[in-house]
Amino acid sequence: MHLLVIEDERALCETIVRSLRRLAYSVDCCYDGQSAAEMLAVERFDLVVLDLNLPGEDGMTVLRTLRERDRDTRVLILSARCEVADKVAGLDAGANDYLTKPFNILELKARVRALLRRAAAQWWMLNTPS
Ligand code: CA
């Protein structure tokens, strides 16, 4: 599984990347919306952990651009924006899950595993003759 973590707080980003690598995923990261958009345009990821308040392109813009051509990549928004309206907007724009900061790393890891399980189950259903 290939994951991308988009988070501009570098210490937090490193912590997330390290924890996800321990789950044996291959994890890339970037710190701003512009690099995120560029990486998503050329590389295929199974799951993206996406912060919303980013320098350069906002996380919501990154998400909308991704969804214009890719419905499969799982997107988990990880944001300090905690209003119901923010969560609704994120999920409606195509995010698969939304976790608010502050968060517990164990919960983030559990949600990542759940999203990847769902993706695997969906793949199996689509590719198995009935
Ligand atoms: Ca941020």
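Residues numbered from 1 in each chain as written. Predicted model: local features only at pLDDT ≥ 70, side-chain atom pairs only at ≥ 80, totals over all residues. Heavy atoms only, no water.

Chemist: Give a description of the side chain of Glu 7 that names residues and reports values.
Modeler: In this structure, Glu 7 sits in the loop between strand 1 (2-6) and helix 1 (10-22). Residue classification places Glu 7 among the buried positions, given a relative accessible area of 1%. One polar contact links the side chain of Glu 7 to the main-chain amide nitrogen of Glu 9, over a distance of 3.1 Å. For Glu 7, the side chain forms a polar contact with the side chain of Lys 101, separated by 2.9 Å. Beyond its immediate sequence surroundings of up to four residues, Glu 7 is in contact with Leu 12, Cys 13, Cys 30, Tyr 31, Asp 51, Leu 54 and Lys 101. (Helix = DSSP H or I, 4+ residues; strand = E, 2+ residues; numbered from the N terminus. Buried < 20%, exposed > 50% of the residue type's maximum accessible area, 1.4 Å probe, protein only. Polar contact = N/O pair within 3.5 Å; in protein donor to acceptor, adjacent residues only side chain to side chain. Contact = heavy atoms within 4.5 Å.)

Chemist: Tell me about helix 1, and name the residues and values.
Modeler: Between its first and last C-alpha, helix 1 extends 18 Å over 13 residues, near the 18 Å set by a 1.5 Å rise per residue. All buried positions along helix 1 are accounted for by Leu 12, Cys 13, Ile 16, Val 17, Ser 19 and Leu 20. Down the axis of helix 1, the buried set is contained in an arc of 165°. They therefore lie on one face. Residues of helix 1 that are exposed and angled more than 90 degrees away from the buried face: Arg 10, Ala 11 and Arg 22. In the core, the buried residues of helix 1 are packed alongside strand 1, strand 2 (26-30), strand 3 (47-50), strand 4 (74-79) and helix 5 (105-127). Phi for Ala 24, located one or two positions after helix 1, is positive at around 70°. (Expected span 1.5 Å × (residues − 1). Arc of directions from axis to C-beta.)

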